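So you can see what is in the structure, the chains are spelled out below.
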Amino acid sequence: MTATEITRGDPLSPDLALLHARHAADMHAETPPESIHMLPPDGLAQPGIDFFVLREDGRPVGMGALKRTGMGDAEIKSMHVLAEARGRGLSRLMLDHLIAHARALGCGRVSLETGAEPIFAPARALYARAGFIECGPFDGYREDPNSVFMTLGLA
């Protein structure tokens, strides 16, 4: 039996290097550099960002972050599950955890930016199944043909 847990983590922890590297590689695979909005590890370590690690038997296989934005809302940042761990519901587990955390913080809405390219189709489908709907840019983002903006009301 595999022990799966999601806990707060330090995005600068050395044992997360593979997660960050794979996440960055996926972001750069099909997206022009000017359209990549992921935060590097030191960006995820900033105040106002809650960072979580998903581990299986102690090994980090996923990560996700929730950034508090203005007006009592939140943004999902840098959510990623290693390719070899996909297909078992771990992405949904992390997404549900981030949504629950946003609710616990009293957020009225949680939004996200993801890519419009085919590599991001599974992520967009995951978000849609969780109730997210497409919306316009938020919190300083601008219209970008390489971005899809999605939001979920929590009230």
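The sections below set out a description of the structure shown in this document. Treat the numbers as computed from the prediction; the structure is a model and nothing was measured. (Residues numbered from 1 in each chain as written. Predicted model: local features only at pLDDT ≥ 70, side-chain atom pairs only at ≥ 80, totals over all residues. Heavy atoms only, no water.)

Backbone geometry at D57 places phi at a positive 50°, although glycine is not the residue there. By secondary structure assignment, the location of D57 is in the loop between β2 (49–56) and β3 (59–68). Overall, the relative accessible area of 55% leaves D57 in the exposed class. With a phi angle near 45°, D139 is a residue other than glycine that sits in the positive phi range. Mapping D139 onto the fold places it in the loop between β6 (133–135) and β7 (147–153). Here D139 falls in the partly exposed class, since its relative accessible area comes to 44%. (Helix = DSSP H or I, 4+ residues; strand = E, 2+ residues; numbered from the N terminus. Buried < 20%, exposed > 50% of the residue type's maximum accessible area, 1.4 Å probe, protein only.)

What follows deals with the sheet that holds strand β5 (residues 109–115). One open sheet accounts for 7 strands, arranged β1-β2-β3-β4-β5-β7-β6; its pairing is mixed. Each edge of the open sheet is held by one strand with a lone partner, namely β1 (4–8) and β6. Ignoring which end each strand starts from, the neighbouring axes of this sheet average 30° apart. Note: β2 against β3, 8 bridges, orientation antiparallel. Paired with I49 across the two strands is K67, which belongs to β3. Strands in contact with helix α3 (residues 90–104) are β1, β2, β3, β4 (74–81), β5 and β7; relative to β2, the strand with the most contacts, it is inclined by about 150°. (Pairing = 2+ DSSP bridges. Axes fitted to C-alpha atoms, helices over the stretch in contact; angles between N-to-C directions. Contact = heavy atoms within 4.5 Å.)

Following the criterion strictly, the structure yields 4 aromatic pairs and no others. Ring centres 6.0 Å apart and planes at 85° place the aromatic pair F138 and F149 in the edge-to-face group. Taken together, the positions of F138 in the loop between β6 and β7 and F149 in strand β7 put the pair 11 residues apart, joining distant regions of the chain. Among the residues examined, F149 registers a relative accessible area of 4% and is labelled buried. Taken together, the ring pairs connect F138, Y141 and F149 into an aromatic cluster. (Phe/Tyr/Trp six-rings, centres within 6.5 Å; stacked < 30°, edge-to-face > 60°.)

The subject of this paragraph is the pattern of salt bridges. The tally for this structure, following the rule as stated, stands at 8 salt bridges. Its salt-bridge partner being R8, residue D50 comes within 3.1 Å of it at the nearest N-O pair. Taken together, the residues span a long stretch of sequence, with D50 in strand β2 and R8 in strand β1 at a distance of 42 residues. Linking R22 and E84 is a salt bridge whose minimum nitrogen-to-oxygen distance equals 2.8 Å. (Salt bridge = Lys/Arg side-chain N within 4 Å of Asp/Glu carboxyl O.)

Moving on, we come to the nonpolar core. Core analysis: the biggest nonpolar cluster contains 36 residues, and I76, M79, L95, V110, Y127 and F132 have the highest contact counts within it. The greatest single-element share of this core, amounting to 6 residues, is contributed by α3. (Core = buried A, V, L, I, M, F, W, Y, C linked by side-chain atoms within 4.5 Å.)

On to the environment of G9. Here G9 shows up in the loop between β1 and α1 (17–30). Separated by 58 residues in sequence, G9 and K67 have C-alpha atoms that sit 14 Å apart. Residue contacts for G9: discarding those within four places in its chain leaves F51, F52 and V53.

Along the chain, P33 falls in the loop between α1 and α2 (41–44). A residue is classified by how much of its surface remains accessible, and P33, at 63% relative accessible area, is exposed. Measuring from C-alpha to C-alpha, the distance between P33 and G106 comes to 34 Å, with 73 residues separating the pair along the chain.

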